[in-house]
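Fold and geometry: a report
So the chains spell out like this:
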Amino acid sequence: MDWLNRIFRRDRLYAEVSQSIQEHLEEKIEVLMEKGMSREEASRAARLEFGNVTRIEERSREVWQWPKLESVWADLRLALQQFMASPAFTLTALATLALGIGATTAIFSVVNTVLLKPLAYPDPDRLALFFETDGQREFSAVSIPEFHFWQEQSNLFQDLSASDTDSVGLNLAGDHPEVVHGLHVTENYFHLFGAQTVLGRTFTTVEENLNGGRTAVLSYDLWKNHFASDPSILGKSISLGGDPYTVIGVAGQQFQTELGADLWLPLQADPNSTDVTPFFRVVGRLKPGVTLIQANAQLKLAAVNFRRRYPAVNRRMYFVVRPLQDAIVGNSRSSLLLLLGGVGFVLLIACANLASLQLIRASGRKREFAIRASLGASQGRIVRQLLTESVLLSLIGGLLGLGLGELAVRLLLTVSSGDIPRLGVNGSAVGLDWRVLAFTLTLSVLTGLAFGLAPARGASNFDLSTALKESGRAAGTGFHQQRARALLVVGEAALAVVLTVCAALFIRTFIALQSVNPGFSSHNVLTMQMALTGPRFHQTAPVAQLVREARQRINALPGVMNSATTASLPLQAVHRIPVDVLGRPAGSAPNTGSTQWLAVSPGYLSVFEIPLLRGRDFNQNDSGTSPPVVIINQTMGKMFWPRQNPLGQQILLGKGMPPMFADRPREVVGIVGDVLTDGLDATVQPMAIVPQAQVPDGITDISDRMEPIHWVLRTSVEPQQLNASVKEQLLEASGGIPTSETRTMRDIVSRSIALQNFDMQLLSIFSVSALLLAAVGIYGLMAYSVQQRAQEIGVRMALGADREKIRNMVIWQGMRLALAGAVIGVGAALTITHLIATFLFGVKSWDPAVFLTVPMLLSCVALIAVWVPAHRGSRMDPMQTLRAE
Amino acid sequence: MTKDSQHRDLFPGALEIMILQTLRTKPMHGYAIAQHIKNLSDDLLQIEEGSLYPALQRMLKAGWLESAMGISARDRPVRIFKLTALGRKHLEQERSSVERMFAGINRVLAISKT
């Protein structure tokens with residue numbers, strides 16, 4: 001309660017000071033009266049020698065005050081009075097601030113959720129994701145022997161857990177069969193991620209054992225929605241992909257990892273496994289005190305031992321760990337930071353506009369400051385008053401901006417979330433927290449200081465007597481003040497140009513992406529996934545039979561033109577596999593390498609309208625018993641048979657892979673056009689397409705466990721119309737296997753460029769705002785200057801200048817600033833656009849078209865903004881303006 | 001206000017040093033301090049009497065002075081200011097630095113005369 005005591009003590013101290021001063025004066029008067037003065041004379045003389053009593057009392061009290069708290073309060077009250085006195089200014093400023101700070105807050109709250117908010121697990125900053133790397137690319141898909149090898153590095157990690165790389169669709173049987181997402185995990189997965197249970201328990205080493213039996217832990221949502229929160233679910237059996245599993249636990253309501261799962265199954269990895277195929281993902285927790293750098297150094301060294309144990313693996317391969325959060329966020333980090341930078345530019349321009357407004361106001365208030373100065377206010381006091389006003393204004397604006405920003409971010413993420421991770425459904429994970437509040441508060445204060453500083457400096461530097469003598473109206477035409485405003489306008493124009501150049505480059509990128517020929521047609525194509533888990537699909541033949549029968553049913557549906565299955569869709573990741581050209585002497589031409597690998601059913605080419613360049617398509621006769629065949633894409637043909645006809649040649653796929661994946665030599669029977677995988681901005685890779693019916697059993701087994709197959713249909717009607725009937729046919733043909741993830745191919749294409757779309761849209765909004773704000777800035781300056789120079793214009797007119805000349809003079813003065821800004825902006829943009837080169841596609845960071853168009857666009861906008869005041873100036877009646885003076 | 005700026009302290013802290021020096025011999029009240037400084041400086045340093053009080057408050061806050069009620073030479077109850085040990089120490093430090101400063105200034109003035 002020290003401060004309370006201080007307040008009381010202070011009151012006493014104040015009283016003491018006043019008392020001492022009174023004593024002093026009385027004694028002085030007494031002395032003077034003894035010298036023969038009258039009481040009145042003595043009193044006046046005493047006061048004269050003493051000085052201003054009130055002022056001295058005030059200064060004495062100030063010594064005891066908290067750092068100027070009381071006077072700050074007085075400043076605040078004064079500031080509020082000032083706002084009330086000029087509502088037009090206050091409203092304009094608040095609206096600008098709310099928009100600027102609101103937009104920045106909106107972007108920041110996304111940045112906060114994705115980049116700053118720690119993961120919702122215990123010790124999130126010590127969680128690391130494991131990668132296998134050849135020094136150039138890093139792969140988070142790793143193998144069981146690698147997992148076991150890392151477990152041996154026990155001095156680095158205290159918890160190490162492996163899981164599937166992605167959750168697998170599993171068919172949960174019941175009255176309403178549905179596809180649920182299951183994730184195979186090691187027993188310590190739940191401990192690593194801090195999972196609680198509401199019922200039962202999670203896995204132990206017993207379930208983790210190879211013979212641990214079939215058990216499952218349900219997610220809270222699945223338990224609630226599918227099992228109606230059945231309290232006696234523990235010990236019950238559920239059917240997944242035809243196999244019975246015993247429920248041993250239900251996870252807590254909050255528990256989910258980024259992989260997303262409806263239920264978890266034990267991974268049951270073979271401790272003696274030597275299978276180095278990468279189908280798993282490993283996350284570990286660093287021991288306290290172990291840094292990422294130490295761990296990576298040791299892992300790199302240890303890789304030597306691993307390669308010695310498994311000579312088959314790539315000789316340059318080693319291991320790295322990365323913070324889990326970085327790995328999850330991926331490339332959206334740079335996008336978000338870019339957007340934050342962009343919105344920062346808009347805020348800067350808004351600041352410049354406000355500073356300009358403040359300058360005008362300050363000039364109108366020159367007399368007020370002069371009077372206050374003559375009454376004893378120091379320069380510092382006036383500066384402080386002005387800064388208090390602007391900071392208070394921006395704090396109120398920031399508060400409005402916070403609300404506006406929340407609204408904007410909700411709206412934005414509902415429209416499009418750019419496929420950015422960690423945002424939740426429609427951005428539900430984005431919200432206010434202390435970081436956003438602190439950011440907005442800091443931003444508001446800084447904004448207030450930024451736009452208040454220049455005018456405050458200007459206002460405190462003036463000659464008292466001239467300011468008092470000058471009439472209120474003529475004040476503010478001073479050269480310095482006008483120059484400061486002109487510089488602000490030039491700066492605004494330059495910033496707007498830089499931002500617009502960036503936006504234009506993104507627009508061009510997006511257009512380029514959209515005009516890429518992906519090698520297939522996405523028009524009227526419907527896709528859906530089907531999970532083929534369970535003992536029925538461990539071999540190729542039953543899958544082929546299911547596909548054949550289901551295709552017959554679907555193709556018979558009215559509106560369906562053709563259908564097929566494929567292991568993966570265009571634009572999505574595809575497996576790679578070693579390839580060898582048979583019967584070719586080593587060294588003469590490329591005889592070995594790797595290729596993308598795709599298994600499809602007949603109909604695949606026609607569904608996607610992929611052109612068959614030579615040879616033939618697959619048909620029903622390409623079965624497990626017929627001679628093995630392969631279709632290659634054009635790129636593969638050129639790569640392996642640069643001067644030869646590939647048709648009729650023999651290749652061997654998957655040489656060196658574990659025996660269960662062993663393939664037979666295949667004859668090339670067709671060459672097709674290239675299809676893009678990994679996205680529209682990727683380069684075409686060689687690809688080998690094999691008939692699904694001829695896939696080795698080992699590969700069918702492992703892929704059916706790991707991944708769903710995709711059904712694709714070409715329709716003659718709107719694809720979604722056929723959704724229900726196709727699902728029904730597939731359900732019947734497969735004996736009750738449901739489908740999921742129904743999407744049109746068009747949707748998948750636009751999703752693949754969602755992030756670029758998101759960036760482009762936001763940058764466009766920012767750049768339009770920047771251009772508008774810059775235009776408002778130029779307009780404001782010129783309008784004010786015309787008003788200030790009414791007398792000069794009047795004289796010029798009286799002396800015979802015609803209206804056109806006056807108009808052109810004003811236009812030229814405004815345009816000079818805009819053009820200066822455009823030149824500076826182009827220069828600045830040229831030096832910084834290479835920083836965004838990695839975001840661009842199909843356009844150079846110095847694209848001449850962009851660098852020519854944007855300054856022209858700015859000039860047009862500026863011309864419109866200047867035209868209005870110029871026109872008004874030229875319409876002035878010289879007699880009236882002269883008389884008004 | 002104009003008077004204030006014409007007779008500004010020679011250097012910051014000068015008033016404080018004079019007050020400390022004045023109080024070194026015996027505790028005094030405000031009026032007496034003002035008269036003492038005026039008399040001793042032979043009216044060369046015309047300090048505004050009032051400016052004494054903010055300075056006194058600063059020194060109270062810094063702990064160089066203490067104040068208590070006492071009786072003036074005219075038998076009036078007045079607030080008396082007294083030097084503390086801390087104030088005495090501060091005075092010694094300030095005096096030596098002031099003397100060094102004046103010595104330096106004198107030397108420069110002497111040289112520039114020749």
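Residues numbered from 1 in each chain as written. Chains lettered and ligands numbered in written order. Predicted model: local features only at pLDDT ≥ 70, side-chain atom pairs only at ≥ 80, totals over all residues.

A few words on the overall build of chain A. On a plain count of helices and strands, chain A comes out with 28 helices and 23 strands. Taking 885 residues into account, the globule formula puts the C-alpha radius of gyration at 29 Å, and chain A, at 38 Å, lies well above it. Its C-alpha atoms give chain A principal-axis dimensions of roughly 135 × 75 × 55 Å. (Helix = DSSP H or I, 4+ residues; strand = E, 2+ residues; numbered from the N terminus. Rg over C-alpha atoms; globule rule 2.2 N^0.38 Å.)

This part is about the overall build of chain B. Looking only at helices and strands, chain B has five helices and three strands in total. Sorting the 114 residues of chain B into buried and exposed places 28% on the buried side. Residue pairs in contact within chain B that sit at least 24 positions apart in sequence constitute 51% of those at least 6 positions apart. (Buried ≥ 20, exposed ≤ 12 C-beta atoms within 10 Å, placed from the backbone. Contact = placed C-beta atoms within 7 Å.)

For helix α21 (residues 697-706) of chain A, the full list of buried residues reads A:G698, A:I699, A:T700, A:S703 and A:D704. Its buried side turned inward, α21(A) meets α18 (540-555) of chain A.

Two numbers describe a pair of packed helices, the interaxial angle and the distance between the axes. Residues and elements named next belong to chain B. Running from N to C, helix α3 (residues 30-40) and helix α4 (residues 52-62) cross one another at 115°; their axes reach a closest spacing of 11 Å. As the angle between them shows, α3 and α4 are arranged roughly perpendicular. Taken as a pair, α3 and α4 cross one another with a handedness that is right-handed. Contact residues: α3 offers G30, I33 and A34, while α4 offers L52, Y53 and L56. A per-class count over the contact of α3 with α4 returns five nonpolar, one polar and no charged. (Axes fitted to C-alpha atoms, helices over the stretch in contact; angles between N-to-C directions. Parallel < 35°, antiparallel > 145°, perpendicular 65-115°, else oblique. Left-handed = near helix turned anticlockwise from the far one by under 90°. Nonpolar A, V, L, I, M, F, W, Y, C, P; charged D, E, K, R; others polar.)

All names here are of chain A. Structurally, chain A comprises domain 1 (2-65), domain 2 (70-121 + 332-472), domain 3 (135-316), domain 4 (477-518 + 749-885) and domain 5 (532-736). Each of domain 4 and domain 5 has a C-alpha centre, and these two points are 55 Å apart. In this complex, domain 4 contributes seven residues to the contact, which on the side of domain 5 involves seven residues. Taken together, the residues that form the side of domain 4 that touches domain 5 break down as six nonpolar, one polar and no charged. (Domains from an automatic or database assignment.)

Residues and elements named next belong to chain B. In spatial order, the strands read β1-β3-β2; together these three strands make up an open sheet with antiparallel pairing. For this open sheet the edge positions go to β1 (28-29) and β2 (65-71), each flanked by a neighbour on one side alone. As paired strands, β2 and strand β3 (residues 77-83) are joined by seven bridges and run antiparallel to one another. In the sheet register, L65 faces β3, and the bridge partner there is L83. Running over the sheet, helix α2 (residues 14-25) touches β1 and β3 and is turned about 100° from β3. (Pairing = 2+ DSSP bridges.)

In this section: unusual backbone geometry. Residue and element names in this part refer to chain A. Residue R422 is not a glycine yet carries a positive backbone phi of 70°. Despite not being glycine, L571 has its phi angle at roughly 70°, a positive value. Mapping L571 onto the fold places it in the loop between β14 (560-566) and β15 (575-581).

Residue-level contacts link 16 residues of chain B with 19 residues of chain A. Secondary-structure elements contributing two or more residues to the side of chain B that touches chain A are α3, α4 and β3 of chain B. A total of five residues in the side of chain B that touches chain A trace back to one element, the largest contributor, which is α4(B). The class makeup of the residues in the side of chain B that touches chain A is five nonpolar, four polar and seven charged.

Below, the discussion takes up the pairing of strand β21 (residues 687-691) of chain A. Residues and elements named next belong to chain A. Within β21, five of the five residues are buried, leaving the element largely enclosed by the surrounding structure. Both faces of β21 are covered, namely the face carrying M687, I689 and P691 and the face carrying A688 and V690. Where strand β16 (residues 592-600) meets β21, five bridges bridge the pair, whose relative direction is parallel. Residue pairing for β21: A599 is matched across the bridge by V690.

Residue and element names in this part refer to chain A. If you check UniProt for "transmembrane region" (unreviewed entry), the listed places come out as residues 88-111, 336-357, 391-414, 434-454, 486-507, 762-786, 817-843 and 849-870 in our numbering. Structurally, residues 391-414 comprises 100% helix and 0% strand, and the distance from its first C-alpha atom to its last is 33 Å. As annotated, residues 434-454 has a helix share of 100% and a strand share of 0%, and its two end C-alpha atoms lie 31 Å apart. (UniProt positions renumbered as here; feature names shortened; annotations may be inferred.)

We now examine the packing of helix α26 (residues 803-832) of chain A against helix α27 (residues 848-874) of chain A. All names here are of chain A. The contact between α26 and α27 brings their axes to 8 Å, and the two run at 150°. One finds that α26 runs roughly antiparallel with respect to α27. You can see that α26 and α27 cross each other, and the crossing is right-handed. Looking at the contact of α26 with α27 residue by residue, the class counts come to 17 nonpolar, five polar and two charged.

All names here are of chain A. Positionally, A775 belongs in helix α24 (residues 754-788). Residue A775 is classed as buried on the basis of its 22 C-beta neighbours within 10 Å. For A775 and V866, which are 91 residues apart along the polypeptide, the C-alpha to C-alpha distance reads 8.3 Å.

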